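# Coordinate analysis (summary)
Here are the chains, one letter per residue:
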Amino acid sequence: MTDLLRQIEEENKKDELPDFQPGDTVRVAVKVIEGTGEEQRVRLQSFEGVVLARRGSGLNETFTVRRVTHGVGVERVFPLHSPIVDSVEVTRAGDPRRAKLYYLRERIGRGARVRDRVAAKISEEVESITEPTGEEATAENSEE
């Protein structure tokens, strides 16, 4: 039974989905059906926001996206492998320190931002360059 489930999951995995994690800003294109009967139309509607969480695994995996529009926070939970989700595009990579970013719900404005992954790497590199190594630190201390 579990082998059959794994086989179905492998067949249904979307290879075109990018790797994204909580803190990333993503644009999700969702298929919306308008009208009924013969007048039925399908169009794509985009929803852009910060990924707050990913949960589940396999075919049951979901992710939560939050955006603030006109001062009102809107969150949507998307099934990762749903036929309704057309595409997911990462517009900005974030560097949070936790897996679930529910604390962003209480924050407003600049406080609700997550620092960029690129900016975090640059600041780490600058710190490593400016900090003296073990030999340099002992040489500086012995001179004093």
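As a reminder, the structure under discussion sits directly above these lines.
A brief structural summary. (Residues numbered from 1 in each chain as written. Predicted model: local features only at pLDDT ≥ 70, side-chain atom pairs only at ≥ 80, totals over all residues. Heavy atoms only, no water.)

## Concerning the sheet that holds strand 4 (residues 72-79)
Quick note on the threshold: A pair of strands is labelled paired if DSSP reports no fewer than 2 bridges between them. The way it works is that DSSP assigns letters per residue, a run of H or I at least four long becomes a helix, a run of E at least two long becomes a strand, and they are numbered from the N terminus. Axes, fitted as lines to C-alpha atoms, cover a helix only where it is in contact. Angles between the N-to-C directions of the axes lie from 0 to 180 degrees.
In spatial order, the strands read 4-3-2-1-5; together these 5 strands make up an open sheet with antiparallel pairing. Single-partner strands in this sheet number two, and they are strand 4 and strand 5 (85-92). Sheet twist, expressed as the average angle between the axes of neighbouring strands with direction ignored, equals 40 degrees. Here strand 1 (residues 25-34) pairs with strand 5 via 6 bridges, running antiparallel. Bridge pairing in strand 5 places Val 26 opposite Val 90.

## Regarding the pairing of strand 1
Across 10 bridges, the pairing between strand 1 and strand 2 (residues 41-55) is antiparallel. Bridge assignment links Val 28 to a residue of strand 2, and that residue is Phe 47. In sequence, strand 1 turns back onto strand 2 through a hairpin of 6 residues, with Gly 35 there showing a positive phi of about 85 degrees.

## Quick notes on unusual backbone geometry
Note the threshold: Burial classification: accessible surface area is computed with a 1.4 Å probe over protein chains only, and a residue below 20% of its type maximum counts as buried, one above 50% as exposed, and the rest as partly exposed.
At His 70, a residue that is not glycine, the phi angle is positive and equals roughly 55 degrees. Its place among the elements puts His 70 in the loop between strand 3 (62-69) and strand 4. Judged by relative accessible area, His 70 falls into the exposed class, the value being 80%.

## With respect to the packing of aromatic side chains
This is how it is decided: Any Phe, Tyr or Trp ring, taking Trp's six-membered ring, that has another such ring centre within 6.5 Å forms a pair; planes under 30 degrees apart are called stacked, those over 60 apart edge-to-face, and the others tilted.
For the structure on display, the rule yields 3 aromatic pairs. Ring centres of Phe 47 and Phe 78 lie 5.9 Å apart, and the angle between their planes is 65 degrees; on these two criteria the pair is classed as edge-to-face. A residue pair is termed long-range when its members are at least 10 positions apart, and Phe 47 in strand 2 and Phe 78 in strand 4 qualify at 31 residues. Just as Phe 47 is buried, Phe 78 falls in that class too.

## Observations regarding a nonpolar patch on the surface
Keep this limit in mind: Patches draw on residues past 30% relative accessible area with no salt bridge. Two like charges within 9 Å are joined, as are two nonpolar side chains (Val, Leu, Ile, Met, Phe, Trp, Tyr) within 5 Å. All accessible-area figures derive from a Shrake-Rupley calculation using a 1.4 Å probe, and residue coverage is judged against the displayed protein chains alone. Here, a salt bridge means any Lys or Arg side-chain nitrogen found within 4 Å of an Asp or Glu carboxyl oxygen.
Together, Val 118, Ile 122 and Val 126 make up a nonpolar patch on the protein surface, roughly 270 Å² of accessible area in all. Relative to the helices and strands, Ile 122 is located in helix 2 (residues 117-130).

## Let's talk about the pattern of salt bridges
All told, the structure shown has 8 salt bridges when counted by the stated rule. Here Glu 61 makes a salt bridge to Arg 54, at a shortest N to O gap of 2.7 Å. Exposure remark for Glu 61: the relative accessible area of 15% places this residue in the buried category. According to the relative accessible area criterion, Arg 54 is partly exposed, its value standing at 23%. Of the charged contacts, one joins Glu 75 and Arg 66 as a salt bridge, the two residues approaching to 3.1 Å between their closest N and O atoms.

So yeah, pure geometry; function would need other evidence.
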